Amino acid sequence: MAESTIWWLMAGSAVAVELVTGTFYLLMLAIGLASAALAAHLGASITFQFLSAAVVGGAAIVGWHLLRGRRPQGPGSAANPDLHLDVGETVQVDHWQADGTASVHYRGANWTVFHRPGVMPAPGVHRVAEVVGSRLMVDRV
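Residues numbered from 1 in each chain as written. Predicted model: local features only at pLDDT ≥ 70, side-chain atom pairs only at ≥ 80, totals over all residues. Heavy atoms only, no water.

### Focus on a nonpolar patch on the surface
Thinking step 1. Taken together, the side chains of M1, I6, L9 and M10 present a nonpolar region at the surface, about 430 Å² in accessible area.
Thinking step 2. Mapped onto the elements, M1 comes out in the segment before α1 (3–21).
Thinking step 3. Owing to a relative accessible area of 77%, M1 belongs among the exposed residues under this scheme. (Patch = residues over 30% accessible without salt bridge, like charges linked within 9 Å, V, L, I, M, F, W, Y side chains within 5 Å. Areas by Shrake-Rupley, 256 points an atom, 1.4 Å probe, with all protein chains shown as cover. Salt bridge = Lys/Arg side-chain N within 4 Å of Asp/Glu carboxyl O. Helix = DSSP H or I, 4+ residues; strand = E, 2+ residues; numbered from the N terminus. Buried < 20%, exposed > 50% of the residue type's maximum accessible area, 1.4 Å probe, protein only.)

Have a look at this one:
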């Protein structure tokens, strides 16, 4: 069996294992294994093939790790509307208490709402920004 065939089989195996485990980094290693297969097709020595797999695969992993680190993180789970259907909904606040909380009737139950720190509470319509335990953090609409 040709050296390039072995490299292609290892690259395909890495992709198959990645599909089962969901580890994206295995795809980066598969890129390195594919580069070794291409080096074998070009007639490079076995040492160069291993170096190609290591350098290209390692560079792909480092590049992906750095790219993911620079990407801004989405909202936390408390403010994620995909996890909490209440985020983005509106509530009517009639009266704020001295401690900065209010009680509102929402979805058939009484909820305690509060503002973000540093914001002066005022009566009116507010939008739910986060769900914090059994309380709702709201912003003025």
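### Some remarks on the packing of aromatic side chains
Thinking step 1. A full pass over the atoms with the stated rule returns three aromatic pairs.
Thinking step 2. Ring geometry for Y106 versus W111: centroids 6.0 Å apart, planes at 65 degrees, classification edge-to-face.
Thinking step 3. With relative accessibility at 10%, the residue Y106 sits in the buried group.
Thinking step 4. Above the plane of the ring of F114 lies R135, whose end atom (NZ or CZ) is 4.3 Å from the centre. (Phe/Tyr/Trp six-rings, centres within 6.5 Å; stacked < 30°, edge-to-face > 60°. Lys NZ or Arg CZ within 6 Å of the ring centre and 35° of its normal.)

### Considering the packing of helix α2 (residues 25–41) against helix α3 (residues 46–70)
Thinking step 1. Relative to each other, α2 and α3 sit at 150 degrees, their axes nearing to 7 Å. With respect to α3, the axis of α2 lies roughly antiparallel. For α2 against α3, the interelement crossing comes out right-handed. Within the contact between the two elements, α2 uses Y25, M28, L29, I31, G32, L33, S35, A36, A39 and A40 and α3 uses F48, Q49, S52, A53, V56, G57, A60, I61, W64, H65 and R68. (Axes fitted to C-alpha atoms, helices over the stretch in contact; angles between N-to-C directions. Parallel < 35°, antiparallel > 145°, perpendicular 65-115°, else oblique. Left-handed = near helix turned anticlockwise from the far one by under 90°. Contact = heavy atoms within 4.5 Å.)

### Quick notes on α3
Thinking step 1. The end-to-end C-alpha separation of α3 is 36 Å, in line with the 36 Å expected for 25 residues at 1.5 Å each.
Thinking step 2. Within the span of α3, buried status applies to Q49, S52, A53, G57 and A60.
Thinking step 3. Elements in contact with the buried residues of α3: α1 and α2. (Expected span 1.5 Å × (residues − 1).)

Nothing here speaks to function; it is geometry throughout.
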